[in-house]
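Okay, here's what each chain looks like letter by letter:
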Amino acid sequence: MNRKQLYQRLKASGLTKRQQKIIAAEMDDCGDHSVPVPLTSLPPLADLYGPDDLDCLQDLRVNSTTFNVRTLDQLLERDRLRERDGFPRKIRIGRMVRPGRNTEGKVVVVPTTVEEKFIHDNRFNQQQQGEGSGGGSGQGEEGEVIGEQPVRPEGEGEGTGAGKGKGADHEMESNAYDLGRILTEKFQLPNLKEKGKKRSLTRYTYDLTDKNRGFGQILDKKATLRQVLQTNIGLENLSQSEPIDTTKLLIAPRDMVYRILSREKDYESQALVFFVRDYSGSMAGKATELVVTQHVLIYSWLLYQYAGQVETRFILHDTQAKEVEDFHTYYNSRVAGGTQVAAAYRMVNDLVQQEALDRDYNIYIFHGTDGDDWDREGRETIPELKRMLSYASRIGITIAEHSYGNAGNTEVQSYLKKSGLLEQAQDLLRLDNMSEDEDEDRLIEGIRKLISE
Amino acid sequence: MELIDQKTKAIMEGCKERARSAGLRFGDETLEYLVTNRDMLELAPKMMIPTLYDYWVHDVEVLREKGKYELYPGNPYETVINTRPAISFYNDNNPDWLNVMIFYHVLAHIDFFQNNLYFRHTWDYDLTGQALADKRLIARLRSEHGRWVDYVIEFARGIDNLVAFHGELSQLHRGETRCSARLDFFFDIFLQQQRIVSTSEYMQQIEAYNQACEEAGDMGEQSFFAGVVRKYPEFEAAFDRYESEKSTQSPDLLQFLIDHSPLLNREENHWMKSVLQIVRTTSIYFQPQIRTKIMNEGWASYWHETLFLQDDRIRGHEIPFARVNAGVTAMPRVGLNPYALGMRLFYFIEKAADRGCYSFAYRRLCNMEQKRHFDQKTGKGREFIFDVRENYSDFTFLNSFVDQDFIDHNQLFVAGKRLDEERMVWQYYVKSRHADDYRQMLFDSLYHPPKIVLDHEKSREGALYLNHIIEGKPLVAEYIANTMLGIEFLWGGPVCLETSEAVVKGESDEKGLAAEITWKRVRYQMKERKLERTFL
């Protein structure tokens, strides 16, 4: 069913004014979901101190891929000491991700900090002057509009993908596993509950359990003695009537029995995580950035907790849902189109059912959205959600509210509340609501909310 | 980092000759280094000073969304640094013609550093040498006191934007022949502020002083004060009190802590003072850079353009030059470019001064037509801009010379940005073409640290009381706690900060219905690392 048909159907069942508006905004959004080429953003209006000689004259900038001198661990250790000395921590772990197609799961960790001083708050000034003012030159009467820029940028531009665009930042590369470790240690997220050991995995631990003759790590004395006796009996070196004279025993090298380090199969519960992201038109800009960033953090963290055993599936949805192969595509796809949450949930349910995933896996579903849904009352969404609750270990829904909407009043939130599922299945379903302007710390807090016991 | 090769150095020397004959003045010696990306990575956080002390924050990506340059007033990524000899940095694959252009740009910067009076305090020593000594001292302290050195650096840097740059500067610009402190006090403070005498009485005293000098020559002052004491018996006591009070005054918060902090004055904490001193001196050293950014870049752009086009050695490279030059000095349709703005202003001033427009004769004209055709053909434009580069800073430069003529001539305007909710687009529009508005917009984007003074009267019971004098903007609230934590540590006792918070009623919209703002005084108190906020 395409957008138009869906709209007709919804219209037939009655729409509120507000909903009309939301739908109208996304109705004519004919963008596509391709992975964007990074764009450069517009310069700020009044930035006198931005340009510098090296950049302007010689095109010299700090190369973004260069390694930093100090290791992350040292910095974090310093931070720990700070806390012990009674000062607040100062290092924040940046989010930057560069999931390339080839290097799957590559995450760039950027430690950031800020040096606090007493400075004037220039944001205040901007608020007072409407939306800001700055310099300009050229033709145009007073009051004349000289240019426009969409509020919802075409695609997500550089915002989500490449971090700061120009790449004038020093950074340190680490893998997702490292980020997960940092998250676990730094933020002390609670561990996910292990849902029973369902199935053996091809994962090994090494232990001194196997026996080997001739060589090995530890001599198994009892077994060796038994072997020696057996050999000597075979050689008729021992007579049954006389007491055994151990000095006369012959010892062949192969009689020595050792314990040897060996590979053991390990049994561990395994997890499958569905990342579901709303990539409808209304998600443009910060909302998407927030959601993907959070998903990166969760992804990394799960990778750490489940020691690489976490399997991931990526679902994108507008009015229709689509599964994509890798994180790169999931992360970078442009926003466009309308919104129908139910489509995505249905897809997750179908996948689980068809592949009988619930038998073998702990299933986690993380859904990021701005809370818009054409299906205002969740008539289709709620049943799908209920179905989902029957097998999932945890469903975490993050709503990144737009700054132009009313807080806590999005469709998704209101129908979830109305359904009472949040209370009934408190253990399985979590909702986190935040404003799209929030920072990293709030995101971490959000994850904690989503996955706490 | 290695030096440029001999051939390139010869080009530089050629540039120096040409620049000198055009009137620029700078030291003979300069050092030019080639830098790689790796070098840049290390230099950038140290404001391009290779020998600056090490500090862990330099290794971390620093969040700069909020208040960028307010926090880092030094000019990172500068091609040339203000040292003796001046050091400049180059990409190793610049073609010769580009190097010529950059050399002129650099030489003009050096000329600016070495002649603009706002840099007066940097003329007497070499920062690279000083910084190296500081770096070694800090390294030694670190080996003795470990991470506590970094805490002290951190806390000192937290208030290093409040240094009394202008205070230091004014010390250097005092005239040679001055009156004695006693005389200054008598006429400036005692008579005008303490006794508050009538004008005629004041004039009588001046008369009496002149007469005493005439009669007694060198002993004049002494005999004058003999008379003063007879008339005002309390004078001597007042003067002594004033002197002793003055000696306890410190120019800024950092210096105050060095002088008077009970914690720093403990025997075992004396080393902290050296750290504070280093942070303070370094900060003051960088202060003029950001306060002359527009002038400095404008001046350098003016000269690289002028001198490049006259240089006979690189004929035939005008087109690539034009491309690069336009990239640097083109006025953006929206946004500000300090290079373009400063350069245009220098050209404009030169032309105007050539016509003699900065004269009374011009100012008293009220007829536009007469103004337009006014031309005294003074030929003093060049001389005038040299004078400007010596005596002005960004604020005085913009305030004095950005006028309606300049705005009209360059078609400048204040650009606004607003949200069109119907179509969900940001609109950029021409907000105003008035010089006053344009100037105000520039002033609003100029660097300006908050004014925070010590309130001695309210500093009671070992507490330090800071007073933020509000200038239309509140402080960044998120930063207050940690900054005060640092001050508390350095002071060794509770610290209070009085500031204002804006209470905004109603919402502002584009139609000019501005929101109503009232300021509410707030006091923050940091005591035992706990912050309390109370409304006054």
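Residues numbered from 1 in each chain as written. Chains lettered and ligands numbered in written order. Predicted model: local features only at pLDDT ≥ 70, side-chain atom pairs only at ≥ 80, totals over all residues.

Trainee: An account of the overall build of chain B is needed here, citing residue identities and associated values.
Mentor: Secondary structure assignment for chain B yields 23 helices and 12 strands. Classification of the 536 residues of chain B by burial places 37% in the buried group. Pairs at least 24 apart in sequence give 73% of the contacts found in chain B among residues at least 6 apart. (Helix = DSSP H or I, 4+ residues; strand = E, 2+ residues; numbered from the N terminus. Buried ≥ 20, exposed ≤ 12 C-beta atoms within 10 Å, placed from the backbone. Contact = placed C-beta atoms within 7 Å.)

Trainee: Would you mind going over the overall build of chain A in detail, with residue names and values included?
Mentor: Across its full length, chain A carries 16 helices and 15 strands. Residues counted as buried form 40% of the 453 residues belonging to chain A. Contacts in chain A between residues far apart in sequence, at least 24 positions, make up 80% of those at least 6 positions apart.

Trainee: Could you give an account of the sheet that holds strand 5 (residues 86-90) of chain B, with specific residues and numbers?
Mentor: All names here are of chain B. Read from one edge to the other, the open sheet built from 4 strands follows the order 1-2-5-4, with strand pairing classed as mixed. Edge strands, defined here as strands with exactly one partner in the open sheet, are strand 1 (2-3) and strand 4 (80-81). Strands in contact with helix 4 (residues 96-115) are strand 2 (30-34), strand 4 and strand 5; relative to strand 5, the strand with the most contacts, it is inclined by about 150°. (Pairing = 2+ DSSP bridges. Axes fitted to C-alpha atoms, helices over the stretch in contact; angles between N-to-C directions.)

Trainee: So what's going on with the environment of I294 of chain B? Which residues, and what values?
Mentor: Tracing the backbone through its elements, the reader meets I294 of chain B in helix 14 (residues 293-310). Given 26 C-beta atoms within a 10 Å radius, I294 of chain B is considered buried. Once you skip the residues sitting within four places of it in the chain, I294 of chain B turns out to touch L48 of chain A together with P338, L341, G342, D394 and F397 of chain B.

Trainee: Outline the environment of N362 of chain A, supporting the account with residue identities and numerical values.
Mentor: Inspection of the secondary structure assignment puts N362 of chain A in strand 13 (residues 362-369). The spatial distance from the C-alpha of N362 of chain A to the C-alpha of A392 of chain A is 7.0 Å, given a sequence separation of 30 residues.

Trainee: Quick rundown of the pairing of strand 9 (residues 464-469) of chain B? Include the residues and the values.
Mentor: Residue and element names in this part refer to chain B. Burial along strand 9 is one-sided: L464, L466 and H468 are buried, while Y465, N467 and I469, pointing the other way, are not. With 4 bridges connecting them, strand 8 (residues 451-454) and strand 9 associate as antiparallel partners. Paired with I452 across the strands is H468, a residue of strand 9.

Trainee: So what's going on with the sheet that holds strand 10 (residues 271-278) of chain A? Which residues, and what values?
Mentor: All names here are of chain A. The strand order across the open sheet built from 6 strands is 12-11-10-13-14-15, with neighbouring strands paired in mixed fashion. What marks the edges here is a single partner per strand, and that holds for strand 12 (321-324) and strand 15 (429-435). Adjacent strand axes in the sheet meet at a mean angle of 20°, parallel and antiparallel pairs treated alike. With 7 bridges joining them, strand 10 and strand 13 adopt parallel strand pairing. Of the residues in strand 13, the one forming a bridge with A271 is N362. The strands touched by helix 14 (residues 411-419) within the sheet are strand 13, strand 14 (394-401) and strand 15, with strand 15 carrying the most contacts at an inclination of about 145°.

Trainee: Tell me about the nonpolar core, and please be specific about residues and values.
Mentor: Ranked by size, the top nonpolar core spans 124 residues in total, and within it Y104, L107, A156, L254, V275 and V495 of chain B carry the most contacts. With 13 residues, the top contributor of residues to this core is helix 4 of chain B. The residues touching L107 of chain B, leaving out its near neighbours within four places in the chain, are C15, K16, A19, L24 and F26 of chain B. Ranked by size, the runner-up nonpolar core spans 57 residues in total, among them I298, A336, A344 and Y415 of chain A. (Core = buried A, V, L, I, M, F, W, Y, C linked by C-beta atoms within 7 Å.)

Trainee: Go over unusual backbone geometry with me, naming the residues and quoting the values.
Mentor: Residues and elements named next belong to chain B. Following R84, the chain continues into P85 via a peptide bond in cis, with omega recorded as -10°. Following the sequence through the fold, P85 ends up in the loop between strand 4 and strand 5. Positive phi outside glycine occurs at Q411, with the angle close to 55°. By the element assignment, Q411 lies in the loop between helix 21 (404-409) and strand 6 (412-420). Judged by C-beta crowding, with 13 C-beta atoms within 10 Å, Q411 ranks as partly exposed.

Trainee: Got a sec to walk through helix 16 (residues 338-354) of chain B? Specific residues and values, please.
Mentor: Residue and element names in this part refer to chain B. Taking 1.5 Å per residue, 17 residues should reach 24 Å; helix 16 reaches 24 Å between its end C-alpha atoms and fits that length. Counting buried residues along helix 16, 13 of its 17 residues qualify, which places the element largely inside the surrounding structure. One or two steps after helix 16, the chain reaches G356, where phi turns positive at roughly 80°. (Expected span 1.5 Å × (residues − 1).)

Trainee: With reference to specific residues and values, describe the packing of helix 6 (residues 148-158) of chain B against helix 23 (residues 477-491) of chain B.
Mentor: Residue and element names in this part refer to chain B. Where helix 6 meets helix 23, the closest approach of the two axes is 8 Å, and the angle between their N-to-C directions is 120°. Crossing geometry of helix 6 relative to helix 23 is assigned as left-handed. Side by side, helix 6 and helix 23 meet where E154, F155 and G158 of the first sit next to T483, G486, F489 and L490 of the second. In the contact of helix 6 with helix 23, the residues fall into 3 nonpolar, 3 polar and 1 charged. (Left-handed = near helix turned anticlockwise from the far one by under 90°. Nonpolar A, V, L, I, M, F, W, Y, C, P; charged D, E, K, R; others polar.)

Trainee: So what about the confidence of the model for chain B? Which residues, and what values?
Mentor: Residue and element names in this part refer to chain B. Averaged over every residue, the pLDDT of chain B is 87; the share at 70 or more is 93%. The model gives residues 63-68 a pLDDT under 50, and that stretch makes 7 contacts with residues more than four places away or in other chains. In this model, residues 508-513 is a region of pLDDT below 50 whose contacts with residues beyond four sequence positions or in other chains number 7 contacts. Scored as a complex, the prediction yields pTM 0.69 and ipTM 0.84. (pLDDT = per-residue confidence, 0-100.)

Trainee: So, helix 13 (residues 381-389) of chain A: which residues are in play, and what are the values?
Mentor: Residues of helix 13 of chain A that are buried include every one of T381, I382, E384, L385 and M388 of chain A, and no others. In an axial view of helix 13 of chain A, the angular spread of the buried residues amounts to 160°, which keeps them on one side of the axis. (Arc of directions from axis to C-beta.)

Trainee: Describe the pairing of strand 4 (residues 133-137) of chain A, with residues and values.
Mentor: Among the 5 residues in strand 4 of chain A, 5 count as buried, and that is most of the element. Where strand 4 of chain A lies against strand 6 of chain B, 5 bridges are found, and the strand directions are antiparallel. Paired with S133 of chain A across the strands is G416 of chain B, a residue of strand 6 of chain B.

Trainee: An account of the confidence of the model for chain A is requested, with residue identities and associated values reported.
Mentor: Parts of the prediction with low pLDDT should not have their coordinates interpreted in detail. Residue and element names in this part refer to chain A. Residues at a pLDDT of 70 or more form 67% of chain A, whose mean pLDDT is 72. Mean pLDDT values over the elements of chain A span from 34, in helix 6 (residues 157-160), up to 89, in helix 8 (residues 221-234). Under a pLDDT of 50 for its full length, residues 97-106 has, in the predicted model, 23 contacts with residues more than four places off or in other chains.

Trainee: Tell me about the environment of I517 of chain B, and please be specific about residues and values.
Mentor: Residues and elements named next belong to chain B. The topology assignment puts I517 in strand 11 (residues 516-527). Residue classification places I517 among the partly exposed residues on the basis of 15 C-beta atoms within 10 Å. Taking C-alpha positions, I517 is 9.9 Å from G472, a pair spaced 45 residues apart along the chain.

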